[in-house]
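Listed below are the residues making up each chain.
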Amino acid sequence: MPATPLDSKPAHHGAGRLQRGRFTLGGLLALLVIAAGAAGAWWLVTQPPRVERRAPVEVPAPLVDTVLAQRQAAAPELHGFGRVIAEREARLASRVSGELLEFTPEALPGSIVAAGSPLARLDDSDLQLALREAEAALAQAEAQLAMERGEQQRAETEYRSFGRELSGERRALVLREPQLRQAQAEVERARAARDRARLDLDRTTLSAPWRGMVQARLLGSGSMVSSGTELLHLVDVSRFWVRVSLPGEAMNWLHVADDNGPGSGVILSTRTWSGGETRHGEVIAMLPALEEQGLQAQLLVAVDDPLGLESGAPALRLGDVVRLVFEARPQENLFVIPAAALRPGDELWILDDEERLRRRTVNVIHRGQTQILVAEGLTEGERVVTSQLGQPRVGMRLRPRIADHERPAGERNEQGERRS
């Protein structure tokens, strides 16, 4: 067997002691690191938070548009839509019975006829015979009257030759005065019958009572008609009416024609006219009944020469819907403010001298789509805010967009658009 070295055992014990020393030192270092970390964590946890104080950021005041309140003479923009109706129309009817022979060429629907123009003719054969009979009866009555006058002259001669005076009543009987009056009455009756027959004969021709347009023929030739049968529909072309509804407060700005002068002027337009053509009319009446749907006041506007026959103006047609713009009477000392500036409760926002928001309740006498008219509640020169604000507060600071003198109420803005 090989011999074991003598120094092998001591070397083994020295290495073990060295390893135990290293283990002890490494564990100590680990414990120190853990302890230091725990101490640092505890220190961080126990320290109060440090808040870095920064200067507050100043929020700029909202930018708003304003207009300058100025008193002036002003009138509202009143407009509405109306339907064209006839001022005068007639359904011409026969006043005698007979067969409708023909309509005259003038009676064509759409034609303009003058006053007195013949429009239709009826068969007059029977009426010609009736007139001849009436004339014969008149001649017979006149002959009877002449004979009675001869009898009266003979009676008067006999009475004078008798030589005696009779009482008034007996004298009238002797002189045949009642018979004479009866003969005279028969002549008048026959003459009236003759005139009636002549008038009926004239009525077999139906004529236009005034200048107008034939709207329609209501019967055809060959129809048998009686007294009162309608034959033609005629419309007067000298003037048409337009019936329009407006809010009741609009009446305070308009004038109806009367003995003192004409009514308020009206400008009419319709889509059927090309090139933006317009017509002029006049307010002539306010109807007593309100419009059924919206309970608005109803007006009548008159337009002369509606078909443009004399002036060559664009023609109004019956039943057409037209737009009307009224020339309202202006009132003094009013403020004209853009409609966008009005807030709920008839309030306006005012920008005071310190550029802060104030509220003001005003008296609004007209509310239009683009502008309102204010009578009281504002002071000359005050700045009215027209912009919308998300959370308005009384006293909040605002910035006007432009100088007030550059845009009074009702002036144009930089884009050329109306502010009111």
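Residues numbered from 1 in each chain as written. Predicted model: local features only at pLDDT ≥ 70, side-chain atom pairs only at ≥ 80, totals over all residues. Heavy atoms only, no water.

1. Concerning the overall build of the protein
Scanning the protein for helices and strands turns up four helices and 24 strands. Across the protein, contacts joining residues at least 24 apart in sequence account for 75% of those joining residues at least 6 apart. Element-wise, carbon and sulfur atoms account for 52% of the exposed surface of the protein, whose accessible area totals about 26400 Å². (Helix = DSSP H or I, 4+ residues; strand = E, 2+ residues; numbered from the N terminus. Contact = heavy atoms within 4.5 Å. Areas by Shrake-Rupley, 256 points an atom, 1.4 Å probe, with all protein chains shown as cover.)

2. Side note on the pattern of salt bridges
Counted under the stated rule, the structure contains 16 salt bridges. Arg191 is the partner of Glu188 in a salt bridge, and the nearest nitrogen-oxygen pair spans 2.9 Å. Of the two residues, Glu188 and Arg191 both sit in helix α4 (residues 177–202), three residues apart, roughly one turn of that helix. Taking the shortest distance from any N to any O, the salt bridge between Arg358 and Asp352 comes out at 2.9 Å. Arg358 sits in the partly exposed class, given a relative accessible area of 32%. Classification of Asp352 by relative accessible area gives buried; the value is 17%. One salt-bridge network, in which partners are shared between bridges, spans Glu142, Glu188 and Arg191. (Salt bridge = Lys/Arg side-chain N within 4 Å of Asp/Glu carboxyl O. Buried < 20%, exposed > 50% of the residue type's maximum accessible area, 1.4 Å probe, protein only.)

3. Digging into the sheet that holds strand β10 (residues 212–217)
Reading across the sheet, the four strands line up as β5-β12-β10-β7 and stay open at both edges, with antiparallel pairing between neighbours. Edge positions in the sheet fall to β5 (89–93) and β7 (112–113), since each of these pairs with one other strand and no more. (Pairing = 2+ DSSP bridges.)

4. A look at a nonpolar patch on the surface
On the surface, Leu25, Leu28, Leu29 and Leu32 cluster together into a nonpolar patch covering about 400 Å² of accessible area. The residue Leu29 is located in helix α1 (residues 8–46) in this model. (Patch = residues over 30% accessible without salt bridge, like charges linked within 9 Å, V, L, I, M, F, W, Y side chains within 5 Å.)

5. Topic: the packing of aromatic side chains
Considering all chains together, one arrives at zero aromatic pairs under this definition. A cation over a ring is seen here: Arg343 above Trp349, with NZ or CZ 3.8 Å from the ring centre. (Phe/Tyr/Trp six-rings, centres within 6.5 Å; stacked < 30°, edge-to-face > 60°. Lys NZ or Arg CZ within 6 Å of the ring centre and 35° of its normal.)

6. Thoughts on the nonpolar core
Among the nonpolar cores identified, the biggest contains 33 residues, and Val301, Leu324 and Phe326 are the most heavily contacted of them. Elements represented by at least two residues in this core include exactly β4 (78–86), β13 (239–246), β14 (265–269), β16 (297–304), β17 (321–326), β18 (331–338) and β22 (371–376). Setting aside residues up to four positions removed in sequence, Val301 forms contacts with Phe240, Trp241, Val242, Val244, Val266, Gly281, Glu282, Val283, Leu324 and Phe326. (Core = buried A, V, L, I, M, F, W, Y, C linked by side-chain atoms within 4.5 Å.)

7. Considering the sheet that holds strand β8 (residues 118–122)
Taken in spatial order, the four strands of this open sheet run β9-β8-β6-β11, and their pairing is antiparallel. Each of the sheet's edge strands pairs with one partner strand only, and the pair in question is β9 (205–207) and β11 (224–225). Where strand β6 (residues 98–103) and β8 come together, three bridges link them in antiparallel fashion. Along β8, the bridge assignment pairs Phe103 with Ala120.

8. Concerning the side chain of Thr229
Along the chain, the position of Thr229 falls in the loop between β11 and β12 (230–236). There is a polar contact of 3.0 Å between the side chain of Thr229 and the backbone oxygen of Ser226. (Polar contact = N/O pair within 3.5 Å; in protein donor to acceptor, adjacent residues only side chain to side chain.)

9. Concerning α4
Given 3.6 residues per turn, any residue in an α-helix points the same way as the ones three and four places further on. Between its first and last C-alpha atoms α4 spans 38 Å; for 26 residues at 1.5 Å apiece the expected length is 38 Å, and the two agree. Three or more residues of α4 are buried, namely Leu180, Ala183, Val187, Ala190, Arg194, Ala197 and Leu201. (Expected span 1.5 Å × (residues − 1).)

10. Examining the pairing of strand β21 (residues 363–367)
The sheet contact formed by β21 and β22 spans four bridges and is antiparallel. Bridging from a neighbouring strand, Arg367 pairs with Ile372 of β22. Turn length for the β21-β22 hairpin, with the two strands adjacent in sequence and antiparallel, is three residues.

11. Observations regarding unusual backbone geometry
Phi at Asn333 takes a positive value of approximately 60 degrees, unusual for a residue other than glycine. In this structure, Asn333 sits in strand β18.

12. Thoughts on the environment of Glu355
Along the polypeptide, Glu355 turns up in the loop between β19 (347–351) and β20 (357–361). With a relative accessible area of 23%, Glu355 lands in the partly exposed category. Between the C-alpha atom of Glu355 and that of Gly395, which follows or precedes it by 40 residues, the distance is 8.8 Å. Within the structure, the side chain of Glu355 is placed 3.3 Å from the side chain of Arg383, a separation counted as a polar contact.

13. Quick look at the confidence of the model for the protein
Confidence in the prediction for the protein averages 84 pLDDT; 83% of positions are at 70 or higher. A low-confidence stretch, residues 1–15 stays under pLDDT 50, and its non-local contacts, those more than four residues away or across chains, total zero contacts. A low-confidence stretch, residues 412–420 stays under pLDDT 50, and its non-local contacts, those more than four residues away or across chains, total 19 contacts. (pLDDT = per-residue confidence, 0-100.)

14. Description of the environment of Val321
Structurally, Val321 can be placed in strand β17. By relative accessible area, Val321 is classed as partly exposed at 40%. With near-sequence residues (within four places) excluded, Val321 lies in contact with Phe81, Gly82, Arg83 and Thr270.

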